[in-house]
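Each chain, letter by letter, is given below.
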Amino acid sequence: MAINQSAANMQQLTNRPTSTDTNRPAPTIMQQLMNNPLNPSLTTTKQTQPDIHHQQQQLMNTKLNPLHNLGAKTDSQQLVHVNPNTAQTPGNIMQQLMNGNANPTTHVPTRMQQLARGDRPVFSSADDNMMMKHIQGTHAPDGREIVEVKPLLQLVEDIFIRAAPRFDAIGISGAPGHTEVLEERTYSPNFLAMLDSVGYLIDRISSEIGYKSASGGDVHATAMAILNLVSYYSWDAKLVLALAAFAVQYGEFWLIAQTYTSNHLAKSVAVLRQLPEIMQHSSTLRPRFEAIRNLINAMLDIARCIVEIKELPSQYITPDHPGFSTAMAHIPMAVYWTIRSLVACADQITGLTVLGAESIVSTQEAWELSSSAHKLSNMHKHLTDQLEICYKHIDERKYDEAYNNLKRAFQMTHIDNLRVLWLLISSKEDQPPLVDGVTKGRVNLDVLKRKNVLLLISDLDISQEELSILEQIYNESRQHSIRHESQYEVVWLPILDPAVPSTEARQKQFQNLQSGMPWYTVHHPSLIDRPVIKFIKEVWSFKKKPILVVLDPQGRVACPNALHMMWIWGSTAFPFTTLREEDLWKEETWKLELLVDGIDPVILNWMHEGRYICLYGGEDMEWIRRFTSSARAVAQSAGIPLEMVYVGRSNPKERVRRNISTILADRLSYCWSDLTSIWYFWVRIESMWHSKNQLGKTPDDDTVMREIMSILTFDSSEGGWAIFSRGSGDREMTKAKGPQFHTCLTEYNLWQGNVQEKGFIPAMHDHLTKIKPQHHCNRLVLPGSAGKIPEIIACSECGRIMDRFIMYQCCDE
């Protein structure tokens, strides 16, 4: 009885008159049954018997060719090709549709077949401008900002990721494959309230997609209808709302597919949607599933990129920036094609849920979805390129801002030093940025609060000699806890070129240096940002040689480089301020103690005993033999106690080491067997020059600087040199280059008579002055990578301005 009544009702429905709506074909009864019965846009319309036949033919097309491609034909062009041997009446077609076994030989041409015949797609490249006008015509934003786009997109991504199983893992039973393990998200009350306000709109979009997919509507028309529904929203909100609507359909399909074997309710719904039959043909349907998945990934890429572009900080990039304006100009078209693509995906899902496994997609139809994914991928690449341009501009703006903030910070007065320290040393991942040199544990910058902080700034090529001397001075200051020296802390800031990629070798080199330092160090070089590196190089004049910048307890720069002070006076120079440096120089005069203090107590004992001291240097071993022999002969003739010390050359290498071995073996003179002592001797002399230069002194107004420049000139020139000294007065010192000294010693008989009257060293000095050559060629090589180098330097002998050259030297001897 119920079956007869149902047949009667169906007969009555099929005899209804034609709908008066000429703009949109009236849906068939089957199509209405397939659609959401709660959709207010679906109303029962009256149709004549011929209209029913036409609609049934359309439904047949949808069943056997569910791919409503991106360039769908109009209704008049979608003709049904019926096998004349298996011609069917409209009643037979309807009956077969209801039974789910329509004749598979009934088909329509696929999109590839249409293109092969030369059919023109809906939009060609020539129509792009017109299409853009239509798309822009749907855009009427009213400034509403009720959509939290990013968290909504994350929710949509969760649905797509969790819904899609591995298709090769779908068994006949319909059990889902392995899905990606995702963290459970928590949603804020504001986000849930936002969803409540846009929920109706998402339902309307979903209904629009479902109706057009089931009724065989035009994909372009559907996309434009969706754009009209979201006309008041920004472009990123339009796209994410549309994706959310499609995600509901997609998620519901896979939710049933994944749970129908274990949930009775899901099983009943699955039977109505023919999902068990679909899963039995999973291997056949795999090209369709993979094409849908790839297209969804392309849509998500577009959405993420557009959201990222819309979230670019306006304080760093303006609308007229070329990269930003170009991206914004292409976003509407990208949104349109993405919405159009999701409608195409919805067509595929609808084809499965309505027509079951009989709707087998062809390779050509899967290719059409793949081509859509390729189109979106090209759009995504173009948007990504513009986004990279924008990020580069933003990084440059942030770089300049951070650099200027750092400069301003050091011009301001602060309560303590933490403000400037935080600007210099960034803290990432909420981890303490420093490593304690004693415990090797990580600590916060608070350990430096209101202390004198000495920033040791260097690259990874800092020498072991420098580290050993600095460590010795540092440890000496810690031996007496009541001394003021214990109130300062040293922090190593490793400055590396950010353009050079980090390697395992560099990381190991950094760790080796860090492990041997007893003071605080930065946990990793990456904590020193690029603007800080620029500031250190440009404002603090760091090049390659290590510097020691002193910050007082309020974070002010007390000395731009105290390393020179530390090499000369050690911890006595505390608190290592410029004022302290000036006071120390006021107490100094040009004497031998200044050159050798803290290096070798043996020399100081000789001086206290009243002996004559000769320091000599150079690398010419033949000159060394002649000079030491002549000097000892003259000393014996003059009856003076003479001690000679070989000090080699600055930056001593293998030749100096060989000279030391020869001098000790042949007992030519006393010398330092440890190259570190020779290195320290020359570093102190260079530090004296830099210290004076840092204080603004010149050879014209400073005796010590003039004498220091003479020794540096000796070292830079070819040949040997020597200094003779006795006592602490500058009148008891004389110096000259090797050839001049050799002549002076061989002519001892010419000035021997003045020794009794003037003294040995004054008599020698007078004769050296007489035989001074009229023409000379002096070179002065200054370590140009430490501190500021003056533009003009006068010759230490004649006072004329020296020519300036730039020299690059690599000596691995």
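All residue numbers refer to positions counted from 1 along the written sequence of the respective chain. Per-residue local features are limited, in this predicted model, to residues with pLDDT of at least 70; the limit for side-chain atom pairs, both in listing and counting, is 80 or more; totals at the level of whole chains, interfaces and linings are taken over all residues. By convention in this description, side-chain values take in all heavy atoms of the structure and omit both hydrogens and water.

**Student:** Hey, could you go over the overall build of the protein for me, with residue numbers and the actual values?
**Tutor:** Comment: elements are numbered from the N terminus, with helices defined as DSSP H or I runs of at least four residues and strands as E runs of at least two. Within the protein, the secondary structure is distributed over 31 helices and 12 strands. Classification of residues uses two cut-offs on accessible area relative to the type maximum, computed with a 1.4 Å probe and protein chains only: under 20% is buried, over 50% is exposed, and between them is partly exposed. Counting only residues that meet the buried cut, the protein has 50% of its 813 residues in that class. With an accessible surface of roughly 39,500 Å², the protein has 51% of that area assigned to carbon and sulfur atoms. Surface accessibility follows the Shrake-Rupley procedure with a 1.4 Å probe radius. Residue values consider only the protein chains on display as shielding.

**Student:** Kindly report on the sheet that holds strand β6 (residues 547-551), identifying the contributing residues and their values.
**Tutor:** Two strands pair if DSSP finds at least two bridges between them. An order of β2-β1-β5-β4-β3-β6-β7 is seen for the seven strands of this open sheet, with the pairing classed as mixed. The open sheet has two free edges, formed respectively by β2 (442-443) and β7 (557-559), since each of these has just one partner strand. With five bridges connecting them, strand β3 (residues 452-458) and β6 associate as antiparallel partners. Considered in β6, the bridge of L454 is made with V550. Across the sheet, helix α17 (residues 464-478) lies against β3 and β4 (488-494), angled at about 155° from β4, the strand it touches most. Contacts were defined at the residue level, with two residues in contact if any of their heavy atoms lie within 4.5 Å. An axis is simply a line fitted to the C-alpha atoms; with a helix, the fit covers only the stretch in contact. Between two such axes, the angle follows the N-to-C directions and lies from 0 to 180 degrees.

**Student:** So what's going on with the sheet that holds strand β9 (residues 642-646)? Residues and values would help.
**Tutor:** Sheet architecture is open: five strands sit in the order β10-β9-β8-β11-β12, paired in mixed fashion. Of all strands in the sheet, those bounded by a partner on one side alone are β10 (670-671) and β12 (733-737). Pairing of strand β8 (residues 612-617) with strand β11 (residues 721-725), which is carried by five bridges, proceeds in the antiparallel orientation. Bridging from a neighbouring strand, Y616 pairs with A722 of β11. Lying over the sheet, helix α25 (residues 654-666) contacts β8, β9 and β10, oriented at roughly 150° with respect to β9.

**Student:** Before we move on, could you go through helix α27 (residues 703-716) and cite the residues and values that matter?
**Tutor:** What a helix is expected to span follows from its residue count: subtract one and scale by 1.5 Å. Counted at 1.5 Å a residue, the expected span for α27 with its 14 residues is 20 Å, and the 20 Å between its end C-alpha atoms agrees. With 12 of 14 residues buried, α27 lies mostly within the body of the structure. The set of residues buried in α27 consists of V704, M705, E707, I708, M709, S710, I711, L712, T713, F714, D715 and S716. Against the buried residues of α27 lie α21 (578-586), α22 (592-596), α26 (675-694), β11 and β12. Think of a polar contact as two N or O atoms within 3.5 Å of one another; within protein, one of them needs to be a possible hydrogen donor and the other a possible acceptor, and neighboring residues in sequence only count if both atoms come from side chains. The opening residue of α27, the one whose side-chain oxygen lies 3.1 Å from the backbone nitrogen of V704, is D702.

**Student:** Could you give an account of the side chain of H564, naming the residues involved and the relevant values?
**Tutor:** Inspection of the secondary structure assignment puts H564 in helix α20 (residues 563-569). Classification of H564 as buried rests on a relative accessible area of 6%. With residues near it in sequence (within four places) discarded, H564 still touches S687, H690, S691 and Q694.

**Student:** Tell me about the packing of aromatic side chains, and name the residues and values.
**Tutor:** Ring pairs are drawn from Phe, Tyr and Trp, using the six-membered ring of Trp, whenever the two centres fall within 6.5 Å, and their geometry is named by plane angle: stacked under 30 degrees, edge-to-face over 60, tilted for the rest. Per the stated rule, a full pass over the model turns up 34 aromatic pairs. Centre to centre, the rings of F253 and W254 are 5.2 Å apart; their planes meet at 85°, and the pair counts as edge-to-face. Measuring from centroid to centroid gives 5.4 Å for Y616 and Y646, while their planes differ by 45°, and the two rings are tilted. One end of the pair, Y616, is in strand β8; the other, Y646, is in strand β9, with 30 residues separating them in the sequence. Among the aromatic side chains, those forming a connected cluster through ring pairs are Y616, W623, F627, Y646, F724 and F741. Any Lys NZ or Arg CZ found within 6 Å of a ring centre and within 35 degrees of that ring's normal is scored as a charge over the ring. Above the ring of W337, the side-chain terminus of K375 is found at 4.5 Å from the ring centroid. One Lys or Arg, K692, reaches over the ring of W585 and ends 4.2 Å from the middle of that ring.

**Student:** Quick one: what's the story with the pairing of β12, residue by residue and with numbers?
**Tutor:** Burial runs high along β12: four of the five residues are buried. Two strands pair when backbone bridges link them, and β11 and β12 are joined in this way by five bridges, in the antiparallel orientation. Directly across from W721, in β12, lies its bridge partner K737.

**Student:** Please set out the nonpolar core residue by residue, giving values where relevant.
**Tutor:** The nonpolar side chains of a soluble globular protein tend to be buried, and buried together. Counting 101 residues, the largest nonpolar core has F576, L595, Y616, F627, F681, F724 and F760 as its most contacted members. Per-element accounting of this core gives the leading share, 10 residues, to α26. Core analysis: the next-biggest nonpolar cluster, separate from the first, contains 80 residues, I205, A244, A245 and M333 among them. Buried residues of nine kinds, namely Ala, Val, Leu, Ile, Met, Phe, Trp, Tyr and Cys, make up a nonpolar core once their side-chain atoms join them within 4.5 Å.

**Student:** Mind laying out the confidence of the model for the protein, listing which residues take part and the relevant values?
**Tutor:** Known as pLDDT, the predictor's confidence for each residue is given on a scale from 0 to 100. Summarising the model, the protein shows a mean pLDDT of 77, and 72% of its residues fall at 70 or more. Within the model, pLDDT remains below 50 along residues 1-124, and this stretch shows 180 contacts once partners closer than five positions in the same chain are excluded.

**Student:** How would you summarise helix α24 (residues 621-638) if you had to cite specific residues and measurements?
**Tutor:** Since the α-helix advances by 3.6 residues per turn, residues separated by three or four positions end up pointing in the same direction. Taking 1.5 Å as the rise per residue, α24 with 18 residues should run 26 Å; its terminal C-alpha atoms sit 26 Å apart, in good agreement. Taken together, the buried positions of α24 are M621, W623, I624, F627, T628, S630, A631, V634 and A635. Between the side-chain oxygen at the start of α24 and the backbone nitrogen of E622 there is a gap of 3.1 Å, and the oxygen is on D620. G639, located one to two residues past α24, shows a positive phi value of around 75°.

**Student:** I'd like a rundown of the environment of K392, residues and numbers included.
**Tutor:** In this structure, K392 sits in helix α15 (residues 363-409). Residue class for K392 comes out exposed when judged on its relative accessible area of 55%.

**Student:** Could you give me a rundown of the pairing of β8, with the residues and numbers involved?
**Tutor:** The buried fraction of β8 amounts to six of the six residues, a majority that puts the element mostly inside the structure. Burial of β8 is two-sided: the residues Y612, C614 and Y616 facing one way and the residues I613, L615 and G617 facing the other way are all buried. Throughout, right-handed denotes a crossover for which the path from the first strand over the helix to the second runs clockwise when the strands point away from the viewer. Read from β8 through α24 to β9, the crossover connection turns out right-handed.

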